[in-house]
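# Working through the structure, step by step
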Amino acid sequence: MTLDVSPITGKEKGKTMTTSKDSFPTPETLLSPFDLRGLQLKNRVAMAPLTRSRAGEERLANALMAEYYAQRSSAGLIVTEATVVSRQGIGWLNSPGIYSAEQAEAWKQVVDAVHAEGGKIFLQLWHCGRPSHSSFHEAEGLPVAPSAVRLEGDDIHTPAGKQPHETPRALETEEIPLIVEDYRLAAERAKGAGFDGIEIHGANGYLIDQFLQSSTNHRTDLYGGCIENRFRFLDEVVRAVLTVWPAGRVGVHLSPNGIFNDMGSPDFRETFLHAASQLNRFQLGYLHVVDGLAFGFHQLGAPMTLAEFRTVFTGPLMGNCGYTQETAEEAIHSHHADLISFGRPYLSNPDLVERFAHGWPLNPPADIAVWYSFDGHGYIDFPRYGKS
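Rules and cut-offs
Residues numbered from 1 in each chain as written. Predicted model: local features only at pLDDT ≥ 70, side-chain atom pairs only at ≥ 80, totals over all residues. Heavy atoms only, no water. Helix = DSSP H or I, 4+ residues; strand = E, 2+ residues; numbered from the N terminus. Rg over C-alpha atoms; globule rule 2.2 N^0.38 Å. Contact = heavy atoms within 4.5 Å. Areas by Shrake-Rupley, 256 points an atom, 1.4 Å probe, with all protein chains shown as cover. Lys, Arg positive; Asp, Glu negative; His and termini not counted. Charge placed at Lys NZ, Arg CZ, Asp CG, Glu CD. Axes fitted to C-alpha atoms, helices over the stretch in contact; angles between N-to-C directions. Parallel < 35°, antiparallel > 145°, perpendicular 65-115°, else oblique. Left-handed = near helix turned anticlockwise from the far one by under 90°. Nonpolar A, V, L, I, M, F, W, Y, C, P; charged D, E, K, R; others polar. Buried < 20%, exposed > 50% of the residue type's maximum accessible area, 1.4 Å probe, protein only. Core = buried A, V, L, I, M, F, W, Y, C linked by side-chain atoms within 4.5 Å. Pairing = 2+ DSSP bridges. Phe/Tyr/Trp six-rings, centres within 6.5 Å; stacked < 30°, edge-to-face > 60°.

Okay, the overall build of the protein next. Regarding its fold elements, the protein presents 10 helices and 16 strands. For the protein, whose C-alpha radius of gyration is 20 Å, the value lies close to the compact-globule estimate of 21 Å for 388 residues. Considering only C-alpha atoms, the protein reaches an extent of 65 × 50 × 40 Å along its principal axes. Residue pairs at least 24 apart in sequence account for 72% of intrachain contacts in the protein once pairs closer than 6 positions are excluded. About 15,300 Å² of surface is accessible on the protein, with carbon and sulfur atoms providing 54% of the total. Side chains of the protein give 33 positive and 46 negative charges; the mean places of these two sets differ by 4 Å.

Right, dumping it as structure tokens:
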């Protein structure tokens, strides 16, 4: 299917400007509405996925999480914290899951709370791959990866305490379709829970990113070697979830510049331009790109920018990482991005959109000591502007 593309901006016609009642076009801004492939967003501010570790050992969404997300539902779009698609995919303490019917049912209270406040919410689907540890999934054994390449970096917090990273087990070729099916089933459960859509986590050194990048994918089968083969796993995951969701309700998250989880490959530019161009064929809801460098850059070439992704991806683009209100407005106004996701500012500012709209100052940043406190402290107790 061919998009009707504007020769000026490369965007779909009818989505580059909003129109006043007098039919005079008005410039796009961060706070102007956006039509996301038929899903009407009240603004272009997205809440980025933020792992918060409040789901307990059972990995069940709960009333505390429902309150947290509902507090932030003035965002045009909320993307939930990364949510594991299988036991094998677990790699974080008390993060939520979507690999059982019970977990899917538990997510309904979160979705209902956000919808009651007029918000829209996508579930981010996650498989950790090598940044995991066998103590998270003793029955499944070692963490899995495209290749047996150990993560070099800080130790990992596990159910058995802080541990050094293990060398992952390379997946057998015949195991990979089983993981693809885990994603499809997770997408199905997310739809049953009432989410507005899903985002595939292909960023930050987790399993899909490990397949994409040559530094972590040393395979010699049809999932490794050339860029086309390294993209195959993500391609199969996208095709699988599209049997459940319409393309406009599916996003993909990529991090071409990042070093998190010991990532970075010499051919990163060719890899991610290829991935974006291939994803463009599906007419997805959006491509979510960690283009900012606030949390590290691998220094393997000039950083990739949203403008560069615009040359190969004609659908909605979402920028992420280190944006301020001012730089986000600039990205929207220049048509480099359609939406901007904010992560850390949302930790301590549940009313971030309102603060942007009125020019109110932001709360002080949340102390890292409470990011993963397992309870309501540092989670739902940040004041709205003018409240104590």
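Still to come is the rest of the account.
It is the contact of helix α5 (residues 227-241) with helix α6 (residues 268-279), at a shortest axis distance of 10 Å, that shows an interaxial angle of 40 degrees. The pairing of α5 with α6 is recorded here as oblique in orientation. For the element pair α5 and α6, the recorded crossing hand is right-handed. Of α6, the residues touching α5 (which contributes Ile227, Glu228, Arg230, Phe231, Leu234 and Val238) are Glu270, Thr271, His274, Ala275, Gln278 and Leu279. Among the residues forming the contact of α5 with α6, the class breakdown is 6 nonpolar, 3 polar and 3 charged.

A positive phi angle, near 60 degrees, is found at asparagine 94, a position not held by glycine. Within the fold, asparagine 94 resides in the loop between β6 (77-84) and α2 (101-116). Non-glycine residue glutamine 283 carries a positive phi angle of around 55 degrees. Inspection of the secondary structure puts glutamine 283 in the loop between α6 and β14 (286-290). Taking the relative accessible area as the measure of exposure, glutamine 283 reaches 14% and is therefore buried.

Trp107, Phe233, Leu234, Leu279, Leu287 and Phe342 are the most contacted members of the largest nonpolar core, which has 85 residues in total. In contact with leucine 287, not counting residues within four places along its chain, are Val252, Leu254, Ala276, Leu279, Phe309, Phe313, Pro316, Leu317 and Met318. Of all hydrophobic cores here, the second largest spans 11 residues; its members include Leu39, Ala46, Phe122 and Leu339.

Quick look at the sheet that holds β6 now. In spatial order, the strands read β5-β6-β7-β12-β13-β14-β15-β16; together these 8 strands close into a barrel with parallel pairing. If you compare each strand with its neighbour and ignore which way they point, the axes differ by 25 degrees on average. Of the strand pairs in this sheet, β14 and strand β15 (residues 317-320) are connected by 4 bridges, and their pairing is parallel. Looking at the pairing, valine 290 lines up with asparagine 320 of β15.

Tracing the backbone shows glycine 376 in the segment after α10 (352-358). For glycine 376, a relative accessible area of 17% corresponds to the buried category. In sequence terms glycine 376 and methionine 65 are 311 residues apart; their C-alpha atoms lie 9.0 Å from each other. Not counting chain neighbours up to four residues away, the residues in contact with glycine 376 comprise Leu64 and Asp381.

In this section: the environment of cysteine 226. Inspection of the secondary structure assignment puts cysteine 226 in the loop between α4 (207-212) and α5. Residue class for cysteine 226 comes out partly exposed when judged on its relative accessible area of 37%. Between the alpha carbons of cysteine 226 and glutamine 163 there is a distance of 34 Å; along the sequence they are 63 residues apart.

Right, let's get into the packing of aromatic side chains. The tally for this structure, following the rule as stated, stands at 13 aromatic pairs. Ring geometry for phenylalanine 211 against tyrosine 223: centres 6.3 Å apart, planes inclined by 75 degrees, an arrangement best described as edge-to-face. In this pair, phenylalanine 211 is assigned in helix α4 and tyrosine 223 in the loop between α4 and α5, connecting sequence segments 12 residues apart. Here tyrosine 223 falls in the buried class, since its relative accessible area comes to 5%.

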